[in-house]
Amino acid sequence: MRAITVIPGERDSARLEEIEEPSPEAGAVLVQAVAIGVCGTDGEIIRGEYGWSPPGRARLVLGHESLGRVIEAPDGAAVSAGDLVVGIVRRPDPEPCVCCAAGEWDQCRNGRYTERGIKEIDGYGSERWRVEPEFAVRVDPQLGRLGVLLEPASIVAKAWDQIDRISRRACTRIETALVTGAGAIGLLAALLARQRGLDVHVLDIVAAGPKPEAVAALGAAYHHGDVREIGDVDVVVEATGVGSVIFDVIGQTNPGGIVCLTGMSPAGRRIEIDAGALNRELVLENDVVFGSVNANRRHYRLAADALARADRDWLERLVTRWVSLDQWRSALERRDDDIKVAIAFDAG
Ligand code: BGC
């Protein structure tokens, strides 16, 4: 079968190649791939900046945003033949730490977790893949191929779950939210914010095209340019990973503000900041700045509910390019108007 593989740490090593069928040891559920989504993390892996191969091997099967149809599943599993499913990305560390032992592997304490398509376990970017029944999540058949958005939606479901918990410390409710970055993560974060009834602002650098259109269709306000012109908000979900944006938004919250950082940036980017003013603002306003990564099974369920409640036409806007497996290389190129690019395994 064909698979997209890469040598982590080696720039431009990605290729489409023939590999063995998945071994039953990888899980009792056998799945026919329907699509994989491509995200910034895949870009980093392809550029050799991130990612780890499985022990004793050079190449890693890429792909952590999955969607497939079950070919076979054991009796008693929560999924059965014919179901549309998504595979969970992270696996608990072998120890396991107290969080992984509690099923909260997204909060792993020792960093020895593994991740499909990212860290030491093959991803879902092969024509067939296997998954352990407890790491397969059933997708509402109504969603169809848009089920490929479940993994990125799980990331923002986790972020909002954390924001909701933090916000309970204050005596006021959250009313306004700013999302920086109108990629798939940013737009899905904005969707969940609108579903909470918030007044939502989204900032990105582009002035026109599918991003502002998707924001407007959500009933949110779109901004490009200087983030400081937007004014103070109660919550920020930062999804650009750009240092200057991060420090600007930290200074732009109302008292009791919450800034959730979800973007990743390479180490070594230096900017000058006024540490005194920053500290003063955080202390005097009881602000919280925190990072959020990954998702556990509960977040996948929250994400599935959020996607089920979303307007399907709006979700369609998020996948700006569907590329066949034969054209996989073009899916890995970044284009200005791209929101989410997905590789369709069943069309090529
Ligand atoms: C994935 C997460 C993962 C993170 C760090 C993200 O792109 O969606 O599941 O934990 O990268 O490896």
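Definitions and cut-offs
- Residues numbered from 1 in each chain as written.
- Predicted model: local features only at pLDDT ≥ 70, side-chain atom pairs only at ≥ 80, totals over all residues.
- Heavy atoms only, no water.
- Near = heavy atom within 4 Å.
- Polar contact = N/O pair within 3.5 Å; in protein donor to acceptor, adjacent residues only side chain to side chain.
- Areas by Shrake-Rupley, 256 points an atom, 1.4 Å probe, with all protein chains shown as cover.
- Nonpolar A, V, L, I, M, F, W, Y, C, P; charged D, E, K, R; others polar.
- Pairing = 2+ DSSP bridges.
- Helix = DSSP H or I, 4+ residues; strand = E, 2+ residues; numbered from the N terminus.
- Axes fitted to C-alpha atoms, helices over the stretch in contact; angles between N-to-C directions.
- Contact = heavy atoms within 4.5 Å.
- Disulfide = S-S within 2.5 Å.
- Parallel < 35°, antiparallel > 145°, perpendicular 65-115°, else oblique.
- Left-handed = near helix turned anticlockwise from the far one by under 90°.
- Buried < 20%, exposed > 50% of the residue type's maximum accessible area, 1.4 Å probe, protein only.
- Right-handed = clockwise from strand over helix to strand, strands pointing away.

(A) Here's a closer look at the site of the ligand. All residues in the neighbourhood of the ligand are listed as Cys-39, Thr-41, Tyr-50, His-64, Val-89, Arg-90, Glu-115, Ile-118, Glu-151, Ile-155, Val-293 and Asn-294. Here Tyr-50 contributes a side-chain N or O atom positioned 2.7 Å from an oxygen atom of the ligand. With respect to the ligand, the side chain of Glu-151 contributes an N or O atom lying 2.8 Å from an oxygen atom. The protein chains hide 92% of the 310 Å² of surface that the ligand would expose on its own. A class-by-class count of the residues in the shell around the ligand yields 6 nonpolar, 3 polar and 3 charged.

(B) Representation of the sheet that holds strand E13 (residues 199-203). If you trace the 6 strands from one edge of the open sheet to the other, you get E14-E13-E12-E15-E16-E17, paired in parallel fashion. Each edge of the open sheet is held by one strand with a lone partner, namely strand E14 (221-223) and strand E17 (288-291). Between one strand and the next, the sheet's axes are offset by a mean angle of 15°, whatever the strand orientation. Note that strand E12 (residues 176-180) and E13 share 5 bridges and pair parallel. Following the sheet pairing, Leu-178 is matched in E13 by His-201. With respect to the sheet, helix H6 (residues 243-250) is in contact with E12, strand E15 (233-238), strand E16 (253-261) and E17, its orientation differing from that of E16 by roughly 155°.

(C) Structural context of the state of the cysteines. Throughout the structure, instances matching the rule amount to 0 disulfides. Here Cys-99 stays unpaired: no disulfide links it, and the sulfur of Cys-97, its closest cysteine neighbor, is 5.1 Å away.

(D) Quick look at the packing of helix H3 (residues 150-167) against helix H4 (residues 184-195). At a closest axis distance of 9 Å, the pairing of H3 and H4 adopts a crossing angle of 50°. As judged from the angle between their axes, H3 and H4 are oblique. Read as a crossing pair, H3 and H4 show a hand that is right-handed. Note on element contacts: H4 touches H3 through Ile-185, Leu-188, Ala-189, Leu-192 and Ala-193, opposite Pro-152, Ala-153, Ile-155, Val-156, Ala-157 and Trp-160. A class-by-class count of the residues in the contact of H3 with H4 yields 11 nonpolar, no polar and no charged.

(E) Structural context of unusual backbone geometry. Following Glu-95, the chain continues to Pro-96 via a peptide bond in cis, the omega torsion being -20°. Among the structural elements, Pro-96 can be located in the loop between strand E7 (90-91) and helix H2 (98-101). Not every positive phi belongs to a glycine, and Glu-120 is a case in point at roughly 70°. On the accessibility criterion, Glu-120 (30% relative accessible area) is partly exposed.

(F) Representation of the sheet that holds strand E2 (residues 15-18). Reading across the sheet, the 3 strands line up as E2-E1-E4 and stay open at both edges, with antiparallel pairing between neighbours. Looking at strand neighbours, the two that pair on one side only are E2 and strand E4 (60-61), the edges of this open sheet. Sheet topology places strand E1 (residues 2-6) next to E4; 2 bridges connect them, and they run antiparallel. The partner of Thr-5 across the bridge, within E4, is Val-61.

(G) Main features of the pairing of E15. In terms of residue burial, E15 counts as a mostly covered element, since 6 of its 6 residues are buried. The sheet contact formed by E12 and E15 spans 4 bridges and is parallel. Paired with Val-179 across the bridge in E15 is Val-237. When E15 meets E16, the two strands line up parallel, connected through 5 bridges. The residue bridging Val-235 from the neighbouring strand is Ile-258, located in E16. What joins E15 to E16 is H6, and the crossover it makes is right-handed.

(H) Local environment of the environment of Val-237. On the secondary structure map, Val-237 appears in strand E15. In sequence terms Val-237 and Ala-190 are 47 residues apart; their C-alpha atoms lie 8.6 Å from each other. Those residues in contact with Val-237 that sit more than four places away from it in its chain are Trp-160, Ile-163, Leu-178, Val-179, Thr-180, Ala-189, Cys-260 and Thr-262.

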